[in-house]
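# Structural overview for review
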Amino acid sequence: MINHIIEMFSYTFLVKAIIIGILVSLCCALLGVVLVLKRYAMIGDGLSHVSFGTLSIALALNLMPLVFSIPIVIVVAFLLLRIKESSKIKTDSAIALLSTSSLAIGVCATSLKGGFNIDVCNYMFGSILALSKTDLVISAVLAIVIISVFIIFYNKIFAITFDEDSSKASGMNTYFYNALIAILTALCIVVGMNLMGSMLISSLIIFPALTAMQLFKTFKKVVFTASLVSMVCFLIGIYISYVYAIPTGASVVLANLFFFLFFHMMGRVIK
Amino acid sequence: MKQIEVKQLQVFYDKKRVLTDISFDVYSKDYIAIVGDNGSGKSTLLKALLGLVPSKGMINFNVKKNEIGYLAQKDNSLKQFPASVFEVVLSGCIGQFKFFYNKHDKEKALQALKKFKIEHLKNKNFSELSGGQMQRVLLAKTLCTTKKVLVLDEPTTGLDSKTIKDFYKIIDDLNKEGITILMVTHDIEASLLHANKILHINNTMHFFDTTDKYRECEKCSLVRDMYD
Ligand SMILES: Nc1ncnc2c1ncn2[C@@H]1O[C@H](COP(=O)(O)OP(=O)(O)OP(=O)(O)O)[C@@H](O)[C@H]1O
Ligand SMILES: [Mg+2]
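First, a word on what this report is: a plain description of the structure on this page.

The rules behind these values
Residues numbered from 1 in each chain as written. Chains lettered and ligands numbered in written order. Predicted model: local features only at pLDDT ≥ 70, side-chain atom pairs only at ≥ 80, totals over all residues. Heavy atoms only, no water. Helix = DSSP H or I, 4+ residues; strand = E, 2+ residues; numbered from the N terminus. Rg over C-alpha atoms; globule rule 2.2 N^0.38 Å. Buried < 20%, exposed > 50% of the residue type's maximum accessible area, 1.4 Å probe, protein only. Contact = heavy atoms within 4.5 Å. Areas by Shrake-Rupley, 256 points an atom, 1.4 Å probe, with all protein chains shown as cover. Lys, Arg positive; Asp, Glu negative; His and termini not counted. Charge placed at Lys NZ, Arg CZ, Asp CG, Glu CD. Salt bridge = Lys/Arg side-chain N within 4 Å of Asp/Glu carboxyl O. Pairing = 2+ DSSP bridges. Axes fitted to C-alpha atoms, helices over the stretch in contact; angles between N-to-C directions. Donors = N, O, S within 2.8 Å, 3.2 Å for Na, K, Ca; no water. Core = buried A, V, L, I, M, F, W, Y, C linked by side-chain atoms within 4.5 Å. Buried area = accessible area lost by both parts, 1.4 Å probe. Polar contact = N/O pair within 3.5 Å; in protein donor to acceptor, adjacent residues only side chain to side chain. Nonpolar A, V, L, I, M, F, W, Y, C, P; charged D, E, K, R; others polar. Phe/Tyr/Trp six-rings, centres within 6.5 Å; stacked < 30°, edge-to-face > 60°. Lys NZ or Arg CZ within 6 Å of the ring centre and 35° of its normal.

Bringing the overall build of chain B into the picture now. Across its full length, chain B carries 8 helices and 9 strands. Over its C-alpha trace chain B gives a radius of gyration of 18 Å, about what one expects of a compact globule, namely 17 Å for 228 residues. Taking the principal axes of its C-alpha atoms as reference, chain B extends roughly 50 × 40 × 35 Å. When each of the 228 residues of chain B is scored for burial, the buried share is 54%. For chain B, the share of sequence-separated contacts (at least 6 apart) that also reach a separation of at least 24 residues comes to 65%. Carbon and sulfur atoms make up 50% of the accessible area of chain B, which totals about 10,800 Å². Of the charged side chains in chain B, 35 are positive and 28 negative; the average position of the first set lies 6 Å away from that of the second.

This is the structure:
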């Protein structure tokens, strides 16, 4: 095992992937706690499909993928938040419509442009080989921003997540905080997609929070545990993916699943 | 001093009109009980006042938003939230321009816990409390937020009779200290005893005046029902 690990660190692209992965896992876990508790968990899923659609179009039209995707995904994130506020359309059905439509658009754009090539496949299931130095820089900046937001606004985020109405009634700008969370989630998903793939990235948002909640019942502990679990799962996942030559995204998700089941069982035993 | 002025307030949900023609004034130190049947729009009125649902008409506030504490009608979605009781109560101290809690806030949160006799639950998990205990924690949280106006929607739901008695005492004391109270309730008897004004709505203004006048009010069925 030690040999494997030493070997892994001798490849620069793997070191890059590990750093990006840890940063993205941390970001997703932090945002995930808020999203899951606000019952927005599915937004992550919807956004990842939308970013697949936009990235496919960008590839088909030879546009810069990130530059094209990020604004669109952010706009969609805002729209989804608005749907939540109005009572008429149910968020979960809206997201299902959006997810499948984006996927369909992506698939059509791809096949019009000559079918599934390696780039599109990478966007669907992730590839650590496709990670660039830009990905590294962007994920580092994003991680710094998200961690700062969580430190500075921790108490506000708690108050709004716990009871949005009473926070709003007492004059807090809940729209601003929701928008902030939506934008950061959108960024996180677009950035994490090269690594995890659009089909799998939303699991990084949902799993760690749920896993932490199986065992811990205070907000602070849930936030810390989710972050830690998320990073550990990524490391385990990339190690397994290296040793058994399976896609990184998939093995990270499986590591998360394993941890979830383990925490769930522990939670039952302790009760 | 006139703290809240409401004129010709209307609220629609989608196309359905829930409130029409609501006008009333709230003065500082008022203790207004808001009564009416299920579905008469009491909760909606509070939400419209606080800007949580869109409305037409005029609402004028002479108090700052961050001086208002609001406790919504009990909803069960909070049940699963991972938080300690103290985390919840302390979160009531957060303000518009405030990011971190100081010693004073923690002291205030402790006092609020003591008022509702739940200081022993301080480190318990919120999601593992009984319904009545949860309600007391939420009341304590709301107390921490309140500086001038306290808005409560059926606050005594799920409380035992002893706690309800304590609760009315706490609210009376706050009112004497100068806090304005707006409370939705189905407890007419207690309203007549504690409030100085009654606002009775049935999707429109049915009655708004002092408690004494309400007792003699002919059209106010709720009172008649009570003496039947
Ligand atoms: N989110 C909503 N969307 C659509 N209609 C709603 C919504 N909330 C409430 N209503 C409707 O508005 C009316 C008033 O509801 P409201 O909750 O204000 O009543 P209430 O007086 O508080 O009743 P209760 O005593 O049961 O709490 C009801 O007819 C209800 O069906
Ligand atoms: Mg109500």
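Let's pick the thread back up.
The next subject is the pattern of salt bridges. Per the counting criterion, the structure on display carries 11 salt bridges over all chains. With a closest N to O distance of 2.9 Å, Glu164 of chain A and Lys38 of chain A form a salt bridge. Taken as a pair, Glu164 of chain A in helix α9 (residues 164-169) and Lys38 of chain A in the loop between α2 (12-37) and α3 (41-60) lie far apart in primary sequence, 126 residues in all. For Glu5 of chain B, the salt bridge goes to Lys7 of chain B, with nearest N and O atoms at 3.1 Å. Its relative accessible area of 17% is what places Glu5 of chain B among the buried residues. Looking at Lys7 of chain B, the relative accessible area reads 42%, which means it is partly exposed. A single salt-bridge network, built from bridges that share partners, covers Lys2, Glu5, Lys7 and Asp25 of chain B.

With that settled, the discussion passes to the sheet that holds strand β4 (residues 56-61) of chain B. Residues and elements named next belong to chain B. As summarised here, the arrangement of the 3 strands in space is β2-β1-β4, forming an open sheet in which the pairing is antiparallel. The outermost strands of the open sheet, each flanked by one partner alone, are β2 (16-27) and β4. Pairwise comparison of adjacent strand axes, ignoring direction, gives a mean angle of 15° for this sheet. With 5 bridges connecting them, strand β1 (residues 2-13) and β4 associate as antiparallel partners. Residue pairing across strands places Ile4 opposite Phe61, the latter belonging to β4.

Residues and elements named next belong to chain B. Pairing within the open sheet is mixed, and its 6 strands lie in the order β5-β6-β7-β3-β8-β9. Strands with a single pairing partner mark the edges of an open sheet, and in this sheet they are β5 (68-71) and β9 (205-210). In this sheet, neighbouring strand axes are inclined to one another by 10° on average, regardless of whether the strands run parallel or antiparallel. The sheet contacts of helix α4 (residues 131-145) involve β5 and β6 (149-153), and relative to β5 the element is tilted by about 165°.

Take the coordination of the magnesium ion (ligand 2) next. Note on metal sites: the ideal angle is 109.5 degrees for four tetrahedral donors, and 90 or 180 degrees for six octahedral donors. Within the protein, Ser43 of chain B (OG) and Gln73 of chain B (OE1) serve as the donor atoms for the magnesium ion (ligand 2), at 1.9 to 2.1 Å. Of this pair, Ser43 of chain B sits in helix α1 (residues 42-49) while Gln73 of chain B sits in the loop between β5 and α2 (85-90), and the two are 30 residues apart along the sequence.

Among the nonpolar cores identified, the biggest contains 132 residues, and Leu47 and Ile146 of chain A together with Val89 of chain B are the most heavily contacted of them. Residue contributions to this core peak at 17 residues, all from α2 of chain A. Judged by nonpolar contacts, the second largest core, of 29 residues, contains Ile22, Ala48, Leu49 and Val149 of chain B.

With that settled, consider unusual backbone geometry. The residue Asp14 of chain B is not glycine, and still its phi comes out positive at about 50°. Among the secondary structure elements, Asp14 of chain B is positioned in the loop between β1 and β2.

With that settled, the discussion passes to the interface of chain B and chain A. If you look at the interface, chain B gives 32 residues, while chain A gives 29 residues. Of the roughly 2,600 Å² buried where chain B meets chain A, counting both sides, 62% is carbon and sulfur surface. When the buried surface of chain B facing chain A is broken down by residue, Phe81, Pro82 and Phe99 of chain B rank first, second and third, together holding 24% of it. In this assembly, chain B and chain A are joined by 0 salt bridges. Run the count over chain B and chain A and you get 7 residue pairs in polar contact (both at pLDDT 80 or more). Going through the elements one at a time, β5, α2 and α4 of chain B are the ones with two or more residues in the side of chain B that touches chain A. Counted by class, the side of chain B that touches chain A contains 16 nonpolar, 10 polar and 6 charged residues.

So, about the environment of Glu5 of chain B. Residues and elements named next belong to chain B. The topology assignment puts Glu5 in strand β1. Separated by 138 residues in sequence, Glu5 and Leu143 place their C-alpha atoms 23 Å apart. In this structure the side chain of Glu5 is engaged in a polar contact, spanning 3.1 Å, whose partner is the side chain of Lys7.

Okay, the packing of aromatic side chains next. What the rule picks out here adds up to 21 aromatic pairs over all chains. Residues Phe153 of chain A and Phe176 of chain A carry aromatic rings whose centres are separated by 6.4 Å and whose planes lie at 75° to one another, so their mutual orientation is edge-to-face. On the criterion of sequence distance, the pair formed by Phe153 of chain A in the loop between α7 (133-152) and α8 (154-162) and Phe176 of chain A in helix α10 (residues 174-196) is long-range, its members being 23 residues apart. The buried category is assigned to Phe153 of chain A, whose relative accessible area is 15%. Look at Phe176 of chain A and you get partly exposed, because its relative accessible area is 39%. Over the ring of Phe99 of chain B we find Lys156 of chain A, and its NZ or CZ is 4.8 Å from the ring centre. Note that Lys122 of chain B overlies the ring of Phe86 of chain B, its terminal NZ or CZ placed 4.8 Å from the centroid.

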